[in-house]
Amino acid sequence: MSLKVAVIGAGWAGLAAAVRSVERGHAVHVFEASRQWGGRARRVALHPAGNAPLTLDNGQHILIGAYTATLGLMRQVGVSLESVLLPMPLDLRFADGTGLYTPAWARRWPTPLDTLASVIRASGWTWTDRWSFIQAARRWQRQGFQCLPEETVASLCEGVTQRVHEDLIEPLCVAALNTLAHHASGQVFLNVLRDALLGAGTPPWRSSQLLVPNADLGRLFPDAAVHWLLARGAQLHPGQRVSGLSRHGHQWRVITPSLDGTYDHVILATHPTAAAQMVSRLAESSATTWAWVASQLRHEAIATVYLQGDLPQGWPGQYPMLALRSRHAQEPAQFAFLHPGSSGSAARCSRSAQPRVALVASACRLDREALERAVCDQAQEQLGIRSPQVVKTLIEKQATFVCSPGLQRPTLQVAAGLTAAGDYIESPYPATLEAAVRSGLAAADWVEMHGHAAAEPAP
Ligand SMILES: Cc1cc2nc3c(=O)[nH]c(=O)nc-3n(C[C@H](O)[C@H](O)[C@H](O)COP(=O)(O)OP(=O)(O)OC[C@H]3O[C@@H](n4cnc5c(N)ncnc54)[C@H](O)[C@@H]3O)c2cc1C
């Protein structure tokens, strides 16, 4: 049966829900508060006075081969993955060449043998470091990648050396969970490791392969998704912030400043804070409980500082991504990326070039001024960038929820005829594109199975 479905919010979760709903034959309307598609993973166009327009991203993103739902959906809407993503082997080296990397001869080995090779070849690690990690990994594997709900990543990794903690655990944890190891959920960390090391990949890429965007985030998915939806008759409403929802007989009424319509089913795909506010105003007990759970999530920031400056020695890495030695306030950034707009690839970054570099500070609590000062110092010291100039600093204050042990996350179902989608919905994953896309697809599948608002009587 074809239903009239409203999707509220056009981040990656909302767009995924819309694509799947259209595919199922429903009449889909998408409402997006801003004029940009893509939510937290969007392109940002800047028009600096007196300078050429500039296209950046709201934040540097990386994907991995294990993001099967995201990569599958990108392909479905017509994105050529090979042209927008630059694959790199698992390589978490610092600018001085130390750290974990997969040697060329092991890149075709089956996972996790390739990872074992990278541990054995990790530069700057002693045999004690390597053995401590191998023992921990064997323990996790023996336990089926399961741990007690209250375990943190730090407690899970007791026994690994300080070096392994600094070179591998903390950078991986903060990149995947945006939460420091002492506060991060051990179980979610293990889920990510399990899928990255042992899970299915997305051909031609294996699960552990890092995929660095080679194009702006709009081109990665939102542009193609919007094109795909329009071509199939979906109604898209940018710049339409939904101010409220209410039951209307067997349907839902969706209210925006200039549109007012009724729908058989609503998929609420906003940030959890906005979703909790909207749902808390509904007079239904399941909705009240849901809103309370969503409102309890705490959030963590991610800051991206785009810099430009001289690189007299050239880009110090083989790939466009490098790990940085990080010490909270003094050295806040954990990763540096050579921006594709500046030279395209690390290999092509000439010594004389003034490339644009993005430095990413996850779980960042600094104010803008302190952050920019510290990041410029860090870029000079660790990357050899001379006279770095800040091009733009983007701080997303509520970038992700804090992924703490035993966290209760809201369910997909809110009330009859109303489901939620977003990276924060109950799932084995932390707040990532993959969690967002999976939740969007699942919300649309729910519509298929459970139909519309008629299941619950109007209050
Ligand atoms: C700086 C940064 C770096 C990141 N790095 C990575 C990474 O490397 N890898 C990774 O996998 N993930 C990363 N993430 C996380 C990833 O971006 C998010 O998990 C994902 O984008 C969340 O998508 P979403 O659709 O759930 O929510 P959102 O993107 O927040 O989408 C919600 C949408 O709803 C709209 N909206 C809100 N209120 C209303 C309303 N009332 N009416 C209509 N529309 C409304 C918003 O405008 C927005 O477009 C990063 C996030 C940030 C911020």
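Each residue is numbered by its place in its chain's sequence as written, counting from 1. pLDDT decides what is reported in this predicted model: residues at 70 or higher carry local features, side-chain atom pairs at 80 or more are listed and counted, and totals for whole chains, interfaces and linings draw on all residues regardless. For the side-chain quantities, the full set of heavy atoms in the structure was used; hydrogens and water were omitted.

Draft legend 1. Representation of the sheet that holds strand E9 (residues 244-248) in the model. The strand order E9-E10-E11 describes an open sheet built from three strands, whose pairing is antiparallel. For this open sheet the edge positions go to E9 and strand E11 (260-263), each flanked by a neighbour on one side alone. The mean inter-strand angle of the sheet, taken between neighbouring strand axes irrespective of direction, is 25°. Both strand E10 (residues 251-255) and E11 contribute to a ladder of four bridges, which runs antiparallel. Paired strands, as defined in this entry, are two strands with at least two bridges between them according to DSSP. Counting from the N terminus, the helices are the DSSP runs of H or I reaching at least four residues and the strands are the DSSP runs of E reaching at least two. Between the N-to-C directions of two axes lies an angle of 0 to 180 degrees, each axis being a line fitted to C-alpha atoms and, for a helix, fitted only over the stretch in contact.

Draft legend 2. Fine view of the pattern of salt bridges. Note on definitions: salt bridges are taken to be side-chain nitrogens of Lys or Arg within 4 Å of carboxyl oxygens of Asp or Glu. Inspection of every chain in the model, using the stated rule, returns 18 salt bridges. Arg365 is the partner of Glu300 in a salt bridge, and the nearest nitrogen-oxygen pair spans 2.9 Å. Here Glu300, found in strand E13 (residues 299-310), pairs with Arg365, found in the loop between strand E16 (356-362) and helix H14 (368-383); they are 65 residues apart in sequence, far enough to count as distant. A cluster of three or more residues bridged by salt bridges with shared partners is formed by Arg20, Glu23, Arg24 and Asp445.

Draft legend 3. Quick look at the pairing of E16. Within E16, seven of the seven residues are buried, which leaves it mostly tucked inside the rest of the structure. The alternating pattern of E16 places Arg356, Ala358, Val360 and Ser362 and Val357, Leu359 and Ala361 on opposite faces, both of which are buried. Bridge count for E13 against E16 is seven bridges, and the pairing is antiparallel. Looking at E16, one finds that Val305 is bridged to Leu359. Where strand E15 (residues 335-338) lies against E16, four bridges are found, and the strand directions are antiparallel. Each residue of the ladder has a partner; that of Leu338, found in E16, is Val357. Only protein chains enter the accessibility calculation, which uses a 1.4 Å probe; a residue whose area is less than 20% of its type maximum is buried, one above 50% is exposed, and one in between is partly exposed.

Draft legend 4. Fine view of the site of the ligand. Around the ligand, 35 residues are found, and the nearest of them are Glu32, Arg40, His61, Tyr67 and Asp423. One of the side-chain nitrogen or oxygen atoms of Glu32 is found 2.6 Å away from an oxygen atom of the ligand. Here a polar contact is taken to be a pair of N or O atoms separated by no more than 3.5 Å, where protein atoms must pair a possible hydrogen donor with a possible acceptor and residues adjacent in sequence count only if both atoms sit in side chains. A distance of 3.3 Å separates an oxygen atom of the ligand from a polar backbone atom of Thr432. Protein burial of the ligand: of its 1,000 Å² of free accessible surface, 93% is covered by the chains. Going through the elements one at a time, helix H1 (12-23), strand E2 (27-32), helix H11 (272-280), strand E17 (386-401) and helix H15 (433-450) are the ones with two or more residues in the shell around the ligand. Looking at the shell around the ligand residue by residue, the classes come out as 18 nonpolar, 12 polar and five charged. Domain delimitation follows an automatic or database domain assignment. In terms of domain composition, the shell around the ligand takes at least three residues from each of domain 1 (4-42 + 218-297 + 410-455) and domain 3 (299-401). Nearness is defined per residue: one heavy atom within 4 Å of the molecule or strand is enough. Residue-level accessible areas treat just the shown protein chains as cover; the underlying method is Shrake-Rupley with a 1.4 Å probe. Each residue gets one label: Ala, Val, Leu, Ile, Met, Phe, Trp, Tyr, Cys and Pro are nonpolar, Asp, Glu, Lys and Arg are charged, and the others, such as Gly, are polar.

Draft legend 5. Focus on the packing of aromatic side chains. Aromatic contacts are taken between Phe, Tyr and Trp rings whose centres are within 6.5 Å, Trp giving its six-membered ring; a plane angle under 30 degrees counts as stacked, one over 60 as edge-to-face, and the others as tilted. Inspection of every chain in the model, using the stated rule, returns five aromatic pairs. Note on Trp290 and Tyr424: the rings are 6.3 Å apart at their centroids and 70° apart in plane angle, and the pair reads as edge-to-face. One end of the pair, Trp290, is in helix H12 (residues 285-295); the other, Tyr424, is in the loop between strand E19 (418-420) and H15, and 134 residues separate them in sequence. Across the pair, Tyr424 and Trp290 agree in class, each one buried. Should the NZ of a Lys or the CZ of an Arg lie within 6 Å of a ring centre and within 35 degrees of the ring normal, that charge is described as sitting over the ring. A cation sits over an aromatic face here: Arg93 above Tyr101, 3.9 Å from the ring centre. One Lys or Arg, Arg325, reaches over the ring of Phe94 and ends 3.7 Å from the middle of that ring.

Draft legend 6. Region of interest: the layout of surface pockets. Its boundaries defined by the atoms lining it, the second largest pocket holds a volume of some 450 Å³. Glu166, Glu170, Ser326, Arg327 and His328 are the residues nearest the centre of the second largest pocket, which is lined by 18 residues in total. Tallying contributions element by element places helix H7 (residues 162-177) first for the lining of the second largest pocket, with six residues. Of the residues that constitute the lining of the second largest pocket, the class distribution is seven nonpolar, six polar and five charged. Two domains each provide a minimum of three residues to the lining of the second largest pocket, namely domain 2 (90-208) and domain 3 (299-401). Cavities and pockets were defined on a 1 Å grid built from protein atoms only: a cavity is a group of points that admits a 1.4 Å probe but offers it no way out, a pocket is an open group of points flanked by protein on both sides within 12 Å along at least five of seven lines, and a lining residue is one with an atom within 4 Å of any such point. Grid points are joined across faces, edges and corners, and a volume is the space filled by probe spheres set on the points.

Draft legend 7. Summary view of empty space enclosed by the protein. For the structure shown, the criterion picks out two cavities of 30 Å³ or more. By volume, the largest cavity is sized at about 40 Å³. Lining the largest cavity are Asp57, Gln60, His61, Pro213, Ala215, Leu217, His339 and Pro340. The class makeup of the residues in the lining of the largest cavity is four nonpolar, three polar and one charged.

Draft legend 8. The sheet that holds E19, seen in detail. In space, the six strands of this open sheet follow the order E8-E2-E1-E12-E19-E18, with mixed pairing throughout. Of all strands in the sheet, those bounded by a partner on one side alone are strand E8 (235-238) and strand E18 (413-415). Averaged over all neighbouring strand pairs, the angle between strand axes comes to 20°, with direction disregarded. Bridge count for strand E1 (residues 4-8) against strand E12 (residues 265-268) is four bridges, and the pairing is parallel. Note on E12: the bridge partner recorded for Val5 is His265.

Draft legend 9. Structural view of the confidence of the model for the protein. Per residue, pLDDT captures the predictor's confidence, and it can take any value from 0 to 100. When pLDDT is averaged along the protein, the result is 92, and 95% of the positions lie at 70 or above. Between two residues, a contact is recorded if the distance between any of their heavy atoms is within 4.5 Å. When the criterion is pLDDT under 50, residues 343-352 qualifies, and its contacts beyond four places in sequence or with other chains add up to 20 contacts.

Draft legend 10. The arrangement of H12 in detail. Buried within H12 are the following residues: Ala287, Trp290, Ala291, Val293 and Ala294. Taken down its axis, H12 places every buried residue within 160° of arc, on the same side. Turned more than 90 degrees off the buried face of H12, the exposed positions are Ser285, Thr289 and Trp292. Residues of H12 that are buried make contact with H11, E18 and E19. Directions pointing from the helix axis toward each C-beta atom define the arc.

Draft legend 11. Inspection of the domain arrangement of the protein at higher detail. Taken as a whole, the protein is organised into domain 1 (4-42 + 218-297 + 410-455), domain 2 (90-208) and domain 3 (299-401). With centres defined by C-alpha atoms, the gap from domain 1 to domain 2 works out at 35 Å. Facing four residues of domain 1, the contacting portion of domain 2 comprises six residues. A combined buried area of about 380 Å² lies between domain 1 and domain 2, and 56% of that area is made up of carbon and sulfur atoms. When the area that domain 1 buries against domain 2 is broken down by residue, the three leading residues are Pro428, Tyr429 and Pro430, summing to 92%. Taken together, the connections running from domain 1 to domain 2 amount to zero salt bridges. At the surface where domain 1 touches domain 2, the tally comes to two residue pairs in polar contact (both at pLDDT 80 or more). Here the residues of the side of domain 1 that touches domain 2 are counted per class, giving three nonpolar, one polar and no charged. The term buried area refers to how much accessible surface (probe radius 1.4 Å) is lost by two components on association, counted for both of them together.

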